[in-house]
Amino acid sequence: MIRKALVYTLLTIGCVIAIVPFVVTILASLKTTPELVRGVLDWPENAQWENYRIAWTQGRFDRFFLNSILVVIGVVVPSIFLSAMTGFAFARYRFRGSKFLFAYFLIGLVIPLQAMVIPLFYLLREMHLLDSLWALILPQVGMSMSFGTLLMREAYLSIPREIVEASIVDGASSWETLWKIMFPLSRPIVGTLSLLFFIWTWNEFLLPLVVNINPDYHTLPVGILYFQQRWTSNIPVIAAGSTIIFIPLIFMFLLFQRQLVKAITAGAVKG
Amino acid sequence: MQPLSPASGEVSATEPSTGSVATPLGGKPRFSWEPYLYLLPGFLVFTIFVAIPVAGTVVLSLTAWNGISWNTAEFIWFDNYLTAFKDGAFWGSLWNNLKLLPFFVLLPAILGLIPAVIVHQGKIRGEKFFQAGLFLPYIMPGVLIGVVWRWLLNPVFGPVNDVLKFFHLPTRSWLGDFTWALPTVGAIGAWAAYGFCYVVFIAGLQKIPSDLYEAARLDGAGGWQEFIAVSLPGLRREIAVVMAVNLIAALRAFDVIRATTDGGPGFETRVLALYMINVAFSANRAGYGTALAVLMAVVTLALSTLVLRFLGERDD
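Bear in mind the structure is a predicted one, so any value in this text is a computation, not a measurement.

Reading the values: the criteria
- Residues numbered from 1 in each chain as written.
- Chains lettered and ligands numbered in written order.
- Predicted model: local features only at pLDDT ≥ 70, side-chain atom pairs only at ≥ 80, totals over all residues.
- Helix = DSSP H or I, 4+ residues; strand = E, 2+ residues; numbered from the N terminus.
- Buried ≥ 20, exposed ≤ 12 C-beta atoms within 10 Å, placed from the backbone.
- Contact = placed C-beta atoms within 7 Å.
- Domains from an automatic or database assignment.
- Nonpolar A, V, L, I, M, F, W, Y, C, P; charged D, E, K, R; others polar.
- Expected span 1.5 Å × (residues − 1).
- Axes fitted to C-alpha atoms, helices over the stretch in contact; angles between N-to-C directions.
- Parallel < 35°, antiparallel > 145°, perpendicular 65-115°, else oblique.
- Left-handed = near helix turned anticlockwise from the far one by under 90°.
- Core = buried A, V, L, I, M, F, W, Y, C linked by C-beta atoms within 7 Å.
- Arc of directions from axis to C-beta.

## Comments concerning the overall build of chain A
The secondary structure content of chain A amounts to 14 helices and zero strands. Listing each helix as α and each strand as β along chain A from the N terminus yields α-α-α-α-α-α-α-α-α-α-α-α-α-α. Once the C-alpha set of chain A is aligned to its principal axes, its extents read approximately 70 × 65 × 30 Å. For chain A, the residues scored as buried account for 52% of the 271 residues in total. Counting only contacts in chain A whose residues sit at least 6 apart along the sequence, the fraction spanning at least 24 positions is 78%.

## Describing the overall build of chain B
The number of helices and strands found in chain B is 13 helices and zero strands. Mapped in sequence order, the helices and strands of chain B form the string α-α-α-α-α-α-α-α-α-α-α-α-α. Residue pairs in contact within chain B that sit at least 24 positions apart in sequence constitute 71% of those at least 6 positions apart.

## Focus: the domain arrangement of chain A
Residues and elements named next belong to chain A. If you check the domain split of chain A, you get domain 1 (1–48) and domain 2 (56–268). On the side of domain 2, eight residues touch domain 1, which itself brings ten residues to the contact. Elements that contribute at least two residues to the side of domain 1 that touches domain 2 include exactly α1 (2–28) and α2 (33–38). The element that contributes the greatest number of residues to the side of domain 1 that touches domain 2 is α1, accounting for four residues. Its residues assigned to classes, the side of domain 1 that touches domain 2 comprises four nonpolar, five polar and one charged.

## Things to note about unusual backbone geometry
Of note, the amide linkage connecting Gly264(B) to Pro265(B) takes the cis form, showing an omega dihedral of -5 degrees. Tracing the sequence through the fold places Pro265(B) in the loop between α11 (255–260) and α12 (272–282). Phi at Asp131(A) is positive, roughly 55 degrees, even though this residue is not glycine. Mapped onto the fold, Asp131(A) is located in the loop between α6 (117–126) and α7 (134–157). The phi dihedral of Asn284(B) falls on the positive side, at around 50 degrees, and the residue is not glycine.

## Re the interface of chain B and chain A
Every contact between the two is made by 84 residues of chain B and, on the other side, 84 residues of chain A. The biggest single contributor to the side of chain B that touches chain A is helix α1 (residues 34–60) of chain B, with 18 residues.

## Looking at helix α10 (residues 187–203) of chain A
Residue pairs spaced three or four apart in an α-helix point in one direction, given the helix's 3.6 residues per turn. Between its first and last C-alpha atoms α10(A) spans 24 Å; for 17 residues at 1.5 Å apiece the expected length is 24 Å, and the two agree. Turning to α10(A), its buried residues are Ile189(A), Thr192(A), Leu193(A), Leu195(A), Leu196(A), Phe197(A), Ile199(A), Trp200(A), Thr201(A), Trp202(A) and Asn203(A).

## A few points about the packing of α6(A) against α1(B)
Their axes nearest at 7 Å, the elements α6(A) and α1(B) cross at an angle of 115 degrees. Classified by the angle between their axes, α6(A) and α1(B) sit roughly perpendicular to one another. Seen along the crossing, α6(A) lies across α1(B) with a hand that is right-handed. Along the contact surface, α6(A) presents Ile118(A), Pro119(A), Leu120(A) and Leu123(A), while α1(B) presents Phe49(B), Ile52(B), Pro53(B), Gly56(B), Thr57(B) and Leu60(B). When grouped by side-chain class, the residues that make up the contact of α6(A) with α1(B) number eight nonpolar, two polar and no charged.

## Here's the deal with the nonpolar core
Ranked by size, the top nonpolar core spans 179 residues in total, and within it Cys197(B), Met276(B) and Leu292(B) carry the most contacts. Among the elements that take part in this core, helix α7 (residues 181–207) of chain B stands out by supplying 15 residues, more than any other. Residues lining this core come from more than one domain, with at least three contributed by each of domain 1 (1–48) and domain 2 (56–268) of chain A. The residues touching Leu292(B), leaving out its near neighbours within four places in the chain, are Ala84(B), Phe90(B), Leu272(B), Tyr275(B), Met276(B) and Val279(B).

## Some words on the environment of Leu113(B)
All names here are of chain B. Relative to the helices and strands, Leu-113 is located in helix α3 (residues 88–121). Looking at Leu-113, the number of C-beta atoms within 10 Å reads 25, which means it is buried. A C-alpha to C-alpha distance of 41 Å links Leu-113 and Lys-86, two positions 27 residues apart in sequence. If sequence neighbours within four positions are ignored, Leu-113 has contacts with Cys-197 and Phe-201.

## Points about helix α3 (residues 50–58) of chain A
Residues and elements named next belong to chain A. Looking only at α3, the buried set comprises Asn-51, Tyr-52 and Ala-55. What you see down the axis of α3 is that its buried residues fit within an arc of 100 degrees, all on one side. Exposed residues pointing more than 90 degrees away from the buried face of α3 are listed as Thr-57 and Gln-58. At its buried positions, α3 is contacted by α4 (61–92) and α13 (235–255).

## Some points on the environment of Leu235(B)
All names here are of chain B. By secondary structure assignment, the location of Leu-235 is in the loop between α9 (223–234) and α10 (236–252). Note on Leu-235: 22 C-beta atoms within 10 Å, which makes it buried. Those residues in contact with Leu-235 that sit more than four places away from it in its chain are Phe-201, Gly-204 and Leu-205.

In structure tokens form, the structure reads like this:
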């Protein structure tokens, strides 16, 4: 009994410490500054939606939010599409150079963005892609290929051979076999991958920091950094900006909690 | 979960597959362009935006390029590496990364391991709920974590100092203090990771066969002995993974630090990634910056290989 109490206390403390900063931030985002100074944990007297309006319009979070959404879609959808095909090639065919090519695709697992961001910047400059959303989308699709290829290949390999052969016997082309049979059967992995790509892209900071100087093309993480520097002492407004970034993540988290915990834990092993 | 094809049994390979799929595993190899066509788009994007920049890092690290005019892009071979060797700022930054290790690697691992072991030994309800709460910080962007903690730790109106005052503990400008800035940044890193460690450990513990515990108990092992004899060896792989992941996070630390101290006060929290980005883009020393990137990658690879070797290999 005492032991049970200890366990629950321990877990509650751990959880509270993990969550409280976010709770406090949400509360702060709805207060006035004097109210905030009086008590951090106090319930806001009148919800100050004005803070969100300031962040959204003056802080240009409307633009950053839109950019973040566009970049996430622009990265996740093509990444899934392309990994579905590369994974298929490695799972279904034996061909010359397949071992080498597979290893080549996996380099990305051990090499972080930091090790290539400097030449990447100059490459994008030569391609006249700096200060555009393409500068965020294309490299991140490239970086997704390693993990995507690895996971999709594994997903296809776990599909019973008879199912695939049945479709071939039915006269389906490889293209049809891929998209009508194998891809739908790999839904759980596709879901996991999409979640991971979403979070990695939503959270990416170094790339947009380096390649996009023009605030028109900032995403939320870079946006909040400069926003914080401009509004240093107006905590409620900074808190509102922060809340705008983490609410979609919390939402995703609540929806896909179990898959997400599993996916991140698996994804963390990458690199 | 996956629907099985109703015909799966009957149609099994009675005929050899002669369709357009070149060689379903095991068939006779026949040349086909198909796999290459499937690889092509992914290959192109990967090559242009990952492989070429990676190769570019290595090549540029051998030049004196300033990133602006190609005239300066002459090969100076290993001079950049010699420069790094003599560069106090490089060693200082590396040292700061190493000083982060106890906070980023050991602290969250211990903070995750202890509750995992205690929880595992007594079944509890609502475990998934607790897991979710603990895990939350780990999915948040580092910048956001930095922005939030910078406010919480603010010396004038931050709530952390209020709490400390309440318990009659010393208060200070945690992120602005020459002695305390680095441990504070480290503590933020530990805060962000301990829930992740917990989740990995509890999943690992659940995989340990329960008869091992029963056997230990029959041998008269107490909780502590059980932990040493059964849990710890059973968690070998998880410990290795957590240590490696945390180690890599410590050596690549950038987002949280950029948003909290930006390397300050002075250079107390300047880490390799920050120094590298400044060298390349603020000081216009692209060549030297890439050399630092290579050194960083080498250090990371060496240390993480060491950890994985030492604690048991990964199985994939």
